[in-house]
Amino acid sequence: MNDTIIPVREIYWNIQGHLPFAQTLLYLLAIAAIGALGYAWKGRQPASATLSLTAARDQNVLLVTIDTLRADALGCCGGRARTPHLDRLALEGVRYDFAHAHTVVTLPSHTSILTGLYPFQHGVRDNSGYRVAARTPTLATLLEPHGFRTAAFIGAFPLGARFGLNRGFDVYDEQFATRGGSSDFAIPERPAEAVIAPAMAWLDAQTSRWFLWVHLYDPHAPYRPPAPFDREYADNPYAGEVAYTDHALGPLLDRVRTASARPTLVIVTADHGEALGDHGERTHGLFAYEA
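Residues numbered from 1 in each chain as written. Predicted model: local features only at pLDDT ≥ 70, side-chain atom pairs only at ≥ 80, totals over all residues. Heavy atoms only, no water.

## Thoughts on the packing of aromatic side chains
By the definition in use, this model includes eight aromatic pairs. Relative to Tyr172, the ring of Phe169 lies with its centre 5.7 Å away and its plane at 55°, an arrangement referred to as tilted. For the pair shown, Phe169 and Tyr172 are each scored as buried. Geometrically, the ring pair formed by Phe169 and Trp213 is tilted, given 6.0 Å between the ring centres and 35° between the ring planes. Placement of the pair is Phe169 in the loop between β4 (149-153) and β5 (171-173) and Trp213 in strand β6 (residues 210-216), with a sequence separation of 44 residues. (Phe/Tyr/Trp six-rings, centres within 6.5 Å; stacked < 30°, edge-to-face > 60°. Buried < 20%, exposed > 50% of the residue type's maximum accessible area, 1.4 Å probe, protein only. Helix = DSSP H or I, 4+ residues; strand = E, 2+ residues; numbered from the N terminus.)

Set out below in structure tokens:
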């Protein structure tokens, strides 16, 4: 991401033809990680710049999915949340302004991200009552045979191993602890720092190429940012959750930027956004408007 916006349409046309975004992303991640292609972005390019692909036969892959992250909440998009770490990624990398979620709930959307398939193809339509079929390839099952160590650190119950996305991962960490009182109707989750700490510990032990998926759930309702973000964003706790998520993500991004023995392909995306009252919807899950 930087001041030049590279539309995902160029990826459609120049790389894979007319494919769904998730499928294009899946193939690019797999191809780049295995070694045929890799992203190279150098400095601030003119508006006519195109994505450069160069050989990269020895690199890691970090996929970060931030649940319920609305794009216009980020600082680099003019949003209210203070997000210096994601803003830096935006400045140094490539930002896509034409990427759309295939569905508005967590499990089906993440299944699309990791399989490259539409929901009607992979068959996962909701957060409950569905499981990813064992015959469906995922990014982890594609990379594992090529010598990648694979791990996932999950922030909330909708992506628990019972739903099938754990296939191909050497480690699938889902130690959830719900924040809030016992009377709350809440999905089991854990804050971003509790996801990132074990992920970084796992990274420290790796010597070969790795694929790491980190799922952060914090921007999801109910919005309860920890201190000091609760006070700073008292009038907008959703933005506070986004700012806290960026704060927690900073050490991980710094680690892969400076401490890795090989380059790392970093992808940050969301499974869907948040209505925040648009069209009368407080959160998400009912409508598919371009909020």
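Having put the structure on the table, let's press on.
## Describing the confidence of the model for the protein chain
Averaged over the protein chain, the pLDDT score is 78; the fraction of residues at 70 or greater is 76%. Across residues 1-24, confidence stays below pLDDT 50; counting only partners more than four residues off in sequence or on other chains, it has 66 contacts. The model gives residues 30-49 a pLDDT under 50, and that stretch makes 60 contacts with residues more than four places away or in other chains. (pLDDT = per-residue confidence, 0-100. Contact = heavy atoms within 4.5 Å.)

## Quick look at the packing of helix α7 (residues 192-204) against helix α9 (residues 237-258)
Viewed as axis vectors pointing N to C, α7 and α9 meet at an angle of 5°, and their least axial separation amounts to 9 Å. Viewed along their axes, α7 and α9 adopt a mutual orientation that is roughly parallel. Within the contact between the two elements, α7 uses Ala192, Glu193, Ile196, Met200, Leu203 and Asp204 and α9 uses Tyr244, His247, Ala248, Leu249, Pro251, Leu252, Arg255 and Val256. Each residue belonging to the contact of α7 with α9 can be placed in one class, and the counts come to 10 nonpolar, one polar and three charged. (Axes fitted to C-alpha atoms, helices over the stretch in contact; angles between N-to-C directions. Parallel < 35°, antiparallel > 145°, perpendicular 65-115°, else oblique. Nonpolar A, V, L, I, M, F, W, Y, C, P; charged D, E, K, R; others polar.)

## Re unusual backbone geometry
Between Ala221 and the following residue, Pro222, the backbone shows a cis peptide bond with an omega angle of 0°. Here Ala227 and Pro228 are connected by a cis peptide whose omega angle stands at 0°. The topology assignment puts Pro228 in the loop between β6 and α8 (229-232). Residues other than glycine seldom take positive phi values, yet Thr68 does so here, at roughly 65°. Mapped onto the fold, Thr68 is located in the loop between β3 (60-66) and α3 (84-92). In this model, His279 sits at a positive phi of 55°, which is unusual for a non-glycine residue.

## A word on the nonpolar core
The biggest cluster of nonpolar side chains holds 35 residues, and the ones touching the most others in it are Leu62, Leu212, Val214, Leu249 and Leu252. Mapped onto this core, the elements with two or more residues apiece are β3, α3, β4, α7, β6 and α9. Other than its neighbours up to four places away in sequence, Leu252 contacts Leu62, Ile196, Met200, Leu203, Leu212 and Val214. (Core = buried A, V, L, I, M, F, W, Y, C linked by side-chain atoms within 4.5 Å.)

## With respect to α9
Given a rise of 1.5 Å per residue, 22 residues ought to cover 32 Å, and the 32 Å separating the end C-alpha atoms of α9 matches this to within 8%. The sharpest bend along α9 reaches about 35° and sits at Leu249, with the proline Pro251 one to four residues further on. (Expected span 1.5 Å × (residues − 1). Bend = angle between axes of the 7 residues up to and from the residue.)

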